[in-house]
Amino acid sequence: MPKKFSLLYFLVSISSLAFGQDEQALWTKWETEADTLMNHQDFSGAAVFYSKIISECKFKEKSDYRLIYKRAVSYYSANNFDSALMDMNRFVPQFPESPQARILRALIYRGKGDSENQLNDLQKAIELRGPTTELVRWRGALLADKGDYKAAKKDLEEVKQYQDDAELETNLGFIYYNLGSLDSALVCFNKAIVLDVNYSPSYLYAGTFCLQEEKYDLALKYLELGLRIDPTNHSALFYKGVSLVELKRTDEGCRCLKKAFDAGEDDAADYLKEYCYDIFK
């Protein structure tokens, strides 16, 4: 009896070891297949293979969590933000000091439109990794969206010391205007136009802010320049119509407002009713 028991135990042990080796080989094959699909941008297909391994893996080693991270990347790349977030909420507690994990989760929150959690993870990534121009610029844009214009200005002015472009200057112009300085805002918008004459948001922001400050002639100049760059910008056409109406050039203004309204600018309706009814009746 003792010999038979020992032999049986030995056979079971060997079979388990062989099965484990076969299982590991299969997982390696699946992971390689998933990685290949990722490289070919078949993100949904990659997630299927990662999921097959994850469903069987016991996660005895922390290195096994790379599969969770990889699957989160594949879900994120496929715009499946909810599933990606579930994976990262599982991954981050295992690697709380990983800045890359925080950045990925911040990107996922951005995809979900969750600015608050996006900002929290981004801030943590900066603390862990140290400030980079890309991360500080991203934080500055989030702070501006949040209405924390002073902090946003500090971030973007810091970034400007190392890199400058039309988008950055336009964002700074937006911030300066909301801090109560149209003149500083226009300096930024003009700099943006010099850096990239084809960057249309610079003209639109400059025009609308001048319009709000009742500087109609200047607003019209920016908006007309913007429409030369992008004639399909219906918002610029709407604000051009408003500027013309305010300058008592009603016929021209109403034609612009009518075109803007027909293109889907519903805000033009009130101006059309107030200023243009007699023209189009």
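About the cut-offs
- Residues numbered from 1 in each chain as written.
- Predicted model: local features only at pLDDT ≥ 70, side-chain atom pairs only at ≥ 80, totals over all residues.
- Heavy atoms only, no water.
- Helix = DSSP H or I, 4+ residues; strand = E, 2+ residues; numbered from the N terminus.
- Buried < 20%, exposed > 50% of the residue type's maximum accessible area, 1.4 Å probe, protein only.
- Contact = heavy atoms within 4.5 Å.
- Areas by Shrake-Rupley, 256 points an atom, 1.4 Å probe, with all protein chains shown as cover.
- Patch = residues over 30% accessible without salt bridge, like charges linked within 9 Å, V, L, I, M, F, W, Y side chains within 5 Å.
- Salt bridge = Lys/Arg side-chain N within 4 Å of Asp/Glu carboxyl O.
- Lys, Arg positive; Asp, Glu negative; His and termini not counted.
- Charge placed at Lys NZ, Arg CZ, Asp CG, Glu CD.
- Axes fitted to C-alpha atoms, helices over the stretch in contact; angles between N-to-C directions.
- Parallel < 35°, antiparallel > 145°, perpendicular 65-115°, else oblique.
- Left-handed = near helix turned anticlockwise from the far one by under 90°.
- Nonpolar A, V, L, I, M, F, W, Y, C, P; charged D, E, K, R; others polar.

**Some thoughts on the overall build of the chain**
The secondary structure content of the chain amounts to 16 helices and 0 strands. Relative to its 281 residues, the chain shows a buried fraction of 40%. Counting contacts in the chain only where the partners sit at least 6 residues apart, residues at least 24 apart contribute 44% of the total. When the accessible area of the chain is evaluated, it comes to approximately 16100 Å², of which 51% is carbon and sulfur surface.

**Some thoughts on a negative patch on the surface**
Taken together, Asp-266, Asp-267, Asp-270 and Glu-274 make up a surface patch of like negative charges. Inspection of the secondary structure assignment puts Glu-274 in helix α15 (residues 268-275).

**Regarding the environment of Ser-202**
Within the secondary structure layout, Ser-202 lies in helix α11 (residues 200-212). Assessed through its relative accessible area of 0%, Ser-202 is described here as buried. Once residues within four sequence positions are removed from consideration, Ser-202 is found in contact with Ala-166, Thr-170, Phe-189, Ala-192 and Ile-193.

**Thoughts on the packing of helix α4 (residues 81-91) against helix α5 (residues 99-112)**
Here α4 crosses α5 at 150°, and the two axes come no closer than 10 Å. With respect to their mutual orientation, α4 and α5 come out roughly antiparallel. In this structure, α4 meets α5 at a crossing whose hand is left-handed. For the pair α4 and α5, contact is made by Phe-81, Asp-82, Ala-84, Leu-85, Met-88, Asn-89 and Phe-91 and by Ala-101, Leu-104, Arg-105, Ile-108, Tyr-109, Gly-111 and Lys-112, respectively. Class assignment for the residues of the contact of α4 with α5 results in 9 nonpolar, 2 polar and 3 charged.

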